[in-house]
Structures are given as structure tokens and as C-alpha cells.
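# Structure at a glance
Below, each chain spelled out in residue letters.
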Amino acid sequence: SVLPQQRSICSWFRQELRDLLGDHLLASQVARAGLIQKVAIDELVNKHLTGQADYAHHLWTLLMLELWHRQFMVPPSAISTCVEVSQDKERSLECA
């Protein structure tokens, strides 16, 4: 068995932190502000979550930027939310 401190952030983002990652990066206020291209964030998140690539360290950096931006730059009323949807065998997140 793997101890919690031995779990990689890669697997955390695919499991326990999946919702946190989607809620924050797929509804990115940093992208909405024009600081990063949304299509690039979406591609990193989707490829990581589907196991096509390991972008955990990139996603961690983007998540920290997003959390900072939301804390200091965006009023809470401007934050959108995402919901997970399933289409056939693919899972993705849609944001409002």
C-alpha cells in the first residue's frame, strides 16, 4: 500500500483533486482575463485527466496561479462553476 505522502500529484489530480482541478482551471478566471489561452488550459487538463500525458506539475502551477488570481484579482460573484458530463465513453467538464 502507498502512504499518503508517497502519492504523486499526478494521481491526486486524476482522483481526489479531479473536481478541484476542473472547477478551477476549466472555469479559469486567469484565462477569462486574457492572461493564458483557455484552449491551452483545457488541453492540458483533458490530456492529463484521460491519462494521455502527465502534466501534473504544469497543472499545479496553473492551479496556484488561478487560486491567487481568484483571491486577489476577481470578485467572488464573477467566478463560474463547472459540472462533469459524460458523452459516450468520454468524460469532460462544462462550465457556466
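Refer to the structure above for everything that follows.
Criteria and thresholds
Residues numbered from 1 in each chain as written. Predicted model: local features only at pLDDT ≥ 70, side-chain atom pairs only at ≥ 80, totals over all residues. Heavy atoms only, no water. Axes fitted to C-alpha atoms, helices over the stretch in contact; angles between N-to-C directions. Helix = DSSP H or I, 4+ residues; strand = E, 2+ residues; numbered from the N terminus. Parallel < 35°, antiparallel > 145°, perpendicular 65-115°, else oblique. Left-handed = near helix turned anticlockwise from the far one by under 90°. Contact = heavy atoms within 4.5 Å. Nonpolar A, V, L, I, M, F, W, Y, C, P; charged D, E, K, R; others polar. Salt bridge = Lys/Arg side-chain N within 4 Å of Asp/Glu carboxyl O. Buried < 20%, exposed > 50% of the residue type's maximum accessible area, 1.4 Å probe, protein only. Core = buried A, V, L, I, M, F, W, Y, C linked by side-chain atoms within 4.5 Å.

## Digging into the packing of helix α2 (residues 18-25) against helix α5 (residues 56-72)
Helix-helix packing is characterised by the crossing angle of the two axes and by the distance between the axes. Running from N to C, α2 and α5 point in directions that differ by 60°, and their axes come no closer than 10 Å. One way to sum up the angle between α2 and α5 is to call them oblique. Of the two elements, α2 crosses α5, and the hand of that crossing is left-handed. Contacts between α2 and α5 involve L20, L21, D23, H24 and L25 from the first element and L59, L62, L63, E66, L67 and R70 from the second. Looking at side-chain class alone, the contact of α2 with α5 contains seven nonpolar, one polar and three charged residues.

## Points about the pattern of salt bridges
Applying the stated criterion to the full structure yields three salt bridges. For D42, the salt bridge identified is with K38, shortest N-O distance 2.9 Å. Here the residue D42 and the residue K38 both occupy positions in helix α4 (residues 38-49), the gap between them amounting to four residues, near one helical turn. A salt bridge links E66 to R70; its shortest N-O distance comes to 2.7 Å. One end of the pair is E66 and the other is R70, both in helix α5 and four residues apart, which spans about a single turn. Neither E66 nor R70 differs from the other in exposure class; each is buried.

## Topic: the nonpolar core
In summary, soluble globular proteins display a tendency toward joint burial of nonpolar side chains. F13, L21, L25, I41, V45, L59 and L62 are the most contacted members of the largest nonpolar core, which totals 15 residues. Filtering out sequence-adjacent residues up to four positions away, L21 remains in contact with F13, L26, V45, L49 and L59.

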